[in-house]
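Working through the structure, step by step
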Amino acid sequence: MKTYTNVKDLGDLNAAIQEALEVKKNRFGYKHLGENKTLLMVFFNSSLRTRLSTQKAGMNLGMNTMVLDINQGAWKLETERGVIMDGDKTEHLLEAIPVMGCYCDIIGVRAFAQFENKQDDYEEKILNQFIKYSGRPVFSMEAATGHPLQAFADLITIEEYKKTARPKVVLTWAPHPKALPQAVPNSFADFMNEADVDFVITHPEGYELDPKFVRGAKVEYDQDKALAGADFVYAKNWAAYTDPNYGQILSKDRAWTVSTEKMALTNNAYFMHCLPVRRNMIVTDDVIESPQSIVVQEAANREISAQTVIKRMLESL
Amino acid sequence: MKTYTNVKDLGDLNAAIQEALEVKKNRFGYKHLGENKTLLMVFFNSSLRTRLSTQKAGMNLGMNTMVLDINQGAWKLETERGVIMDGDKTEHLLEAIPVMGCYCDIIGVRAFAQFENKQDDYEEKILNQFIKYSGRPVFSMEAATGHPLQAFADLITIEEYKKTARPKVVLTWAPHPKALPQAVPNSFADFMNEADVDFVITHPEGYELDPKFVRGAKVEYDQDKALAGADFVYAKNWAAYTDPNYGQILSKDRAWTVSTEKMALTNNAYFMHCLPVRRNMIVTDDVIESPQSIVVQEAANREISAQTVIKRMLESL
Amino acid sequence: MKTYTNVKDLGDLNAAIQEALEVKKNRFGYKHLGENKTLLMVFFNSSLRTRLSTQKAGMNLGMNTMVLDINQGAWKLETERGVIMDGDKTEHLLEAIPVMGCYCDIIGVRAFAQFENKQDDYEEKILNQFIKYSGRPVFSMEAATGHPLQAFADLITIEEYKKTARPKVVLTWAPHPKALPQAVPNSFADFMNEADVDFVITHPEGYELDPKFVRGAKVEYDQDKALAGADFVYAKNWAAYTDPNYGQILSKDRAWTVSTEKMALTNNAYFMHCLPVRRNMIVTDDVIESPQSIVVQEAANREISAQTVIKRMLESL
């Protein structure tokens, strides 16, 4: 595996799940793969879960790990040719990225959507420059339009908890005080569309996601109807994608908060969220603290999804 | 050992000292214990000695180590239930702490007193939440009311330098320009009260410490009398504990600075301080540079106290 | 090797180059040397290449590595005796540095010129205090007046690419929007003067470097004349050294930018720069993207120069 940015990079999805479950049972069984290999994690944005789980995954595999925090704004990369660099950008990506590649074997990159220019975000400018210029296998640790380590962890968790061969999985928008990128719902849709599940997306009108990720999924604007019979409820906020509202908050309607009443509509569904979560905005205390809440188990699987991806990259070196 | 927050957690104190001295002679003799084990160090406050010594201790034991710096204020944890999280707190501790526990085997936590609410500080809200919710052994890397790795290192140092079976140890308040927590003097008293020493505390009136830590120790308001015949002088500033002055500076009287004249009252005592130290406020240049100053040796034993505690936690996994 | 601050510390320079090339072929062949040894990297200034390459070098050697970032200004060390420390400086270097030495076996220090006091900068106050008080081997990761890991990497790169026994190497000043220290040109001159090369320095009048580093090198104020027949062009900006202009920008003349026209004057020279580089100020896009540009290879050799230096320090422990 040379890049990991979306579900297609995993190839056969059932095989990937099985491999992940194997890794989970035997985390330290692959340490020979990482011997004398270095993982570089580059953060353009802050992180708790991704930072710890990915570092842990690399260490499980016997790798040396290095973390580089690029202070937001402090290290501005010039991306254009021909510019006279006499301003605040101290380095051109065409030097910076190959140099980072010199000092490691595999690179993880976190670079969120900026919400300044939709095209820049959806072209994944920063991530793709790492893929193109670093000379190393590159995986996304959440980029502008996707968070595939999260979605893979989500899928592993659904596999572990599902009670039927083809569970109903509902991705529901929920309110939040700040404008958040679409990376998590995009990748979740990307994965669910390939998984053996009955996948429904529900959100207020105006919150339609990029059709590239929605694909054949059912979109239901009535949250109650969507939740009916669900086996898994995956809550997440995102800001608007569609023009001219890209990056805008259109609603903070707490009628969309996942509550006990909402969960009562489901087939005793499990509650999922990528975390961090705003309680009583996204989900009520009661629901997230209930036995059906598997948010911590889901977070724990971030280590497993990362380790599976890095393991495949090590095997391909 | 499942928690380390005070002297009682060590059990037999002489056995703990002997184990520490054994560790000091053979730092790398226990690397098998930490194989495939991960130490997570969580810092809510900045650190130099604690960060380096604890990380070193974990590495001595063959562990993988991860450091998480929680920028003060940047990552505000909600602690109450029922709150609609539409403000600046992005995550609830009930999710954040179990998730951190997922990615490691042992957690060290640094979280200073905030001096905003005495009850919150003295209930050790943050530390205890890690103990309660992380699912992992937790040790204090200096919390609101105690700094037990420091006090254990102090005790090891006294054991190494004492010339009599039961030395006289004096904890003396000294002036400082800023309001400092009571964590260090609290833990020092906690340990000295259990150790085989003649323990005296001296400070200006109004600086009385929590009786929970002072216990049966002699409190002498005349610094000169306290210092008479001392074998060890342990200087430290702290802000007032007693109401209504909690967290206040009541004195900056440099008559309490530990000087050559003060040390002349002692039994050629060793000078100790946890560092960092303000020269010519806490102690004069002459005293801290004298052969009787053992502040660097004391700091060096921070690695040993941390390694002994982590070793015991590894053994109990 | 107990210190590494300048070319003399390497002893026989050809032997050092050969050792570096040996290390490059067999990076993981010396892991036994670093077992149970700890490298501490102390950064008073930010870093990308140095941080990653030096950490990688330590890990290649099997060492444990720790990084300490001293926020600029946040941790102010008192350096004078007799001062009553009641201001913003929380610790005296005479405690801080020996304590850092307690927790490691080898220390790397980055501490740039401050441009506040020429004497302080050129006495290398911070670096020398680490050498004097840490009790450990100390190497410069760029200090006020030198960047010897960079210059050693430069020399290794020249050795790898040179086509004649004694190539002509030209260090040329080039314009930049900010005032930069002389550390890189100083060390480059220090090394080139000892290497088997024909060394020429060119810069506008007023940009003369410290004679201690220039020594017998030819200084040519006409850049075109200097570049004639060059085999390697090493571009770098620096602020003025000579009084009364120390630390000042005297010129931003883009006639000194290394362009295709300038490179046409050379003997098909390789282009070098320590990075980060301002394009179209220091060098044009065309030149830095040309096959003759070896800036990334040069950066890659930072791992090798660091590993060779740390290896020698480990051997001397």
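Residues numbered from 1 in each chain as written. Chains lettered and ligands numbered in written order. Predicted model: local features only at pLDDT ≥ 70, side-chain atom pairs only at ≥ 80, totals over all residues. Heavy atoms only, no water.

**Examining the overall build of chain A**
Regarding its fold elements, chain A presents 13 helices and twelve strands. For chain A, whose C-alpha radius of gyration is 20 Å, the value lies close to the compact-globule estimate of 20 Å for 317 residues. For chain A, the C-alpha atoms occupy an extent of roughly 55 × 50 × 30 Å along the three principal directions. The buried share among the 317 residues of chain A stands at 63%. When contacts within chain A are restricted to residue pairs at least 6 apart in sequence, those whose partners lie at least 24 apart make up 79%. When the accessible area of chain A is evaluated, it comes to approximately 11100 Å², of which 46% is carbon and sulfur surface. Between the averaged position of the 36 positive side-chain charges in chain A and that of its 42 negative side-chain charges there is a distance of 3 Å. (Helix = DSSP H or I, 4+ residues; strand = E, 2+ residues; numbered from the N terminus. Rg over C-alpha atoms; globule rule 2.2 N^0.38 Å. Buried < 20%, exposed > 50% of the residue type's maximum accessible area, 1.4 Å probe, protein only. Contact = heavy atoms within 4.5 Å. Areas by Shrake-Rupley, 256 points an atom, 1.4 Å probe, with all protein chains shown as cover. Lys, Arg positive; Asp, Glu negative; His and termini not counted. Charge placed at Lys NZ, Arg CZ, Asp CG, Glu CD.)

**Digging into the nonpolar core**
If you look at the biggest cluster of nonpolar residues, it comprises 63 residues, and the most contacted ones within it are C:Tyr4, C:Phe139, C:Phe191 and C:Phe199. Each of domain 1 (3-146 + 302-316) and domain 2 (150-299) of chain C contributes no fewer than three residues to this core. (Core = buried A, V, L, I, M, F, W, Y, C linked by side-chain atoms within 4.5 Å. Domains from an automatic or database assignment.)

**Notes on the relation of the copies chain A and chain C**
Superposition record for chain A on chain C: RMSD 0.0 Å, screw rotation 120°, translation along axis 0.0 Å. The operation mapping one copy onto its partner corresponds to a three-fold rotation axis. Within chain A, A:Asn64 has its C-alpha nearest the rotation axis, a separation of 5.7 Å. (Least-squares fit on C-alpha atoms with pLDDT ≥ 70 in both.)

**Examining the packing of helix H13 (residues 295-315) of chain B against helix H4 (residues 93-102) of chain C**
Between two packed helices, both the angle of their axes relative to each other and the distance between the axes serve to describe the pair. Running from amino to carboxyl end, H13(B) crosses H4(C) at an angle of 35°, the nearest separation of the two axes being 9 Å. Crossing hand, H13(B) versus H4(C): right-handed. On the side of H13(B), the interface is formed by B:Val295, B:Val296, B:Ala299, B:Ala300 and B:Glu303, while H4(C) contributes C:Glu95, C:Pro98, C:Val99 and C:Cys102. Residue composition of the contact of H13(B) with H4(C), grouped by class: seven nonpolar, no polar and two charged. (Axes fitted to C-alpha atoms, helices over the stretch in contact; angles between N-to-C directions. Left-handed = near helix turned anticlockwise from the far one by under 90°. Nonpolar A, V, L, I, M, F, W, Y, C, P; charged D, E, K, R; others polar.)

**Quick look at the sheet that holds strand S9 (residues 198-202) of chain B**
Residue and element names in this part refer to chain B. Overall, parallel pairing links the five strands, which are arranged S10-S9-S8-S11-S12 in an open sheet. Every other strand in the sheet has two partners, leaving strand S10 (218-220) and strand S12 (270-272) as the edge strands with one partner each. Between one strand and the next, the sheet's axes are offset by a mean angle of 25°, whatever the strand orientation. Two elements, strand S8 (residues 168-173) and S9, share five bridges in a ladder whose sense is parallel. From the neighbouring strand, valine 170 faces S9, where its bridge partner is valine 200. (Pairing = 2+ DSSP bridges.)

**Regarding the interface of chain A and chain B**
If you look at the interface, chain A gives 30 residues, while chain B gives 30 residues. Contact between chain A and chain B buries roughly 2600 Å² in total, counting both sides, with carbon and sulfur atoms accounting for 59%. The largest per-residue losses of area from chain A upon contact with chain B belong to A:Leu52, A:Arg278 and A:Arg279, which jointly make up 25% of the total buried on that side. In this assembly, chain A and chain B are joined by four salt bridges. Here B:Glu95 ties to A:Arg279 by a salt bridge, and the two come within 2.7 Å at their closest N and O atoms. Summed over the shared surface of chain A and chain B, the number is twelve residue pairs in polar contact (both at pLDDT 80 or more). The element that contributes the greatest number of residues to the side of chain A that touches chain B is helix H3 (residues 49-60) of chain A, accounting for seven residues. Classifying every residue of the side of chain A that touches chain B by side-chain character gives 14 nonpolar, four polar and twelve charged. (Buried area = accessible area lost by both parts, 1.4 Å probe. Salt bridge = Lys/Arg side-chain N within 4 Å of Asp/Glu carboxyl O. Polar contact = N/O pair within 3.5 Å; in protein donor to acceptor, adjacent residues only side chain to side chain.)

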